[in-house]
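Remarks on the overall topology
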Amino acid sequence: DNHNHNHNYNGTQSIRDFSEPMEQPQTQNVVATMNVSCRLDLKDIVTRSRNSEYNPKRFAAVVMRIREPKSTALIFQTGKIVITGARS
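Here goes a summary of the coordinates provided. Being a predicted model, the structure only gives us computed values, none of them experimental.

Describing the side chain of Ser 52
- In this structure, Ser 52 sits in strand E2 (residues 52-53).
- Side-chain polar atoms of Ser 52 contact the side chain of Ser 49, separated by 2.7 Å.

Here's what the structure looks like:
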């Protein structure tokens, strides 16, 4: 049969050794959303801010790079803001 099964060829299955400490989970990407509840002038925002770009033909939001914490904010005309890429 053509089903994929996770069996070793000798029929044994690998069992985790619980005597060794398991690797701790690490935060890789924090996402925050907010709504400023008013319409935003994206052209005005991009001209008044640093490290930001606005190319409405490519993407309908201002993309703002934040240095600390290293992250990216997406600012939409609707007033919705998404910040992504922070580690903590």
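A closer look at the packing of aromatic side chains
- The tally for this structure, following the rule as stated, stands at one aromatic pair.
- Aromatic side chains Phe 59 and Phe 76 sit 5.9 Å apart centroid to centroid with 70 degrees between the ring planes, which places their arrangement in the edge-to-face category. Of this pair, Phe 59 sits in the loop between E2 and strand E3 (61-66) while Phe 76 sits in strand E4 (residues 71-76), placing them 17 residues apart in sequence.
- Judged by relative accessible area, which is 23%, Phe 76 ranks as partly exposed.

Notes on unusual backbone geometry
- Cis rather than trans, the peptide bond between Glu 68 and Pro 69 has omega equal to -5 degrees.
- By the element assignment, Pro 69 lies in the loop between E3 and E4.

Things to note about the pattern of salt bridges
- On inspection of all chains with the given rule, the structure shows two salt bridges.
- Among the salt bridges present, the one from Arg 48 reaches Asp 44, with a minimum N-O distance of 2.8 Å. With a gap of four residues between them, Arg 48 and Asp 44 both fall in helix H1 (residues 42-48), about one helical turn apart.
- Residue classification places Asp 44 among the partly exposed positions, given a relative accessible area of 31%.
- Of the charged contacts in the structure, one is a salt bridge between Glu 53 and Arg 58, with a shortest N-O distance of 3.7 Å.
- With relative accessibility at 64%, the residue Arg 58 sits in the exposed group.

A few points about the environment of Ala 61
- Turning to its location among the elements, Ala 61 is positioned in strand E3.
- Judged by its relative accessible area of 1%, Ala 61 falls in the buried class.
- Distance in space between the C-alpha atoms of Ala 61 and Leu 42 is 7.3 Å, their sequence separation being 19 residues.

Some words on the pairing of E3
- Bridge count for E2 against E3 is two bridges, and the pairing is antiparallel. Bridge pairing in E3 places Glu 53 opposite Val 63.
- Relative to E4, E3 runs antiparallel, the two sharing six bridges. Bridged to Val 63 within E4 is Leu 74.
- Here E3 folds back onto E4 in antiparallel fashion, the turn holding four residues.

Thresholds applied
Residues numbered from 1 in each chain as written. Predicted model: local features only at pLDDT ≥ 70, side-chain atom pairs only at ≥ 80, totals over all residues. Heavy atoms only, no water. Helix = DSSP H or I, 4+ residues; strand = E, 2+ residues; numbered from the N terminus. Polar contact = N/O pair within 3.5 Å; in protein donor to acceptor, adjacent residues only side chain to side chain. Phe/Tyr/Trp six-rings, centres within 6.5 Å; stacked < 30°, edge-to-face > 60°. Buried < 20%, exposed > 50% of the residue type's maximum accessible area, 1.4 Å probe, protein only. Salt bridge = Lys/Arg side-chain N within 4 Å of Asp/Glu carboxyl O. Pairing = 2+ DSSP bridges.

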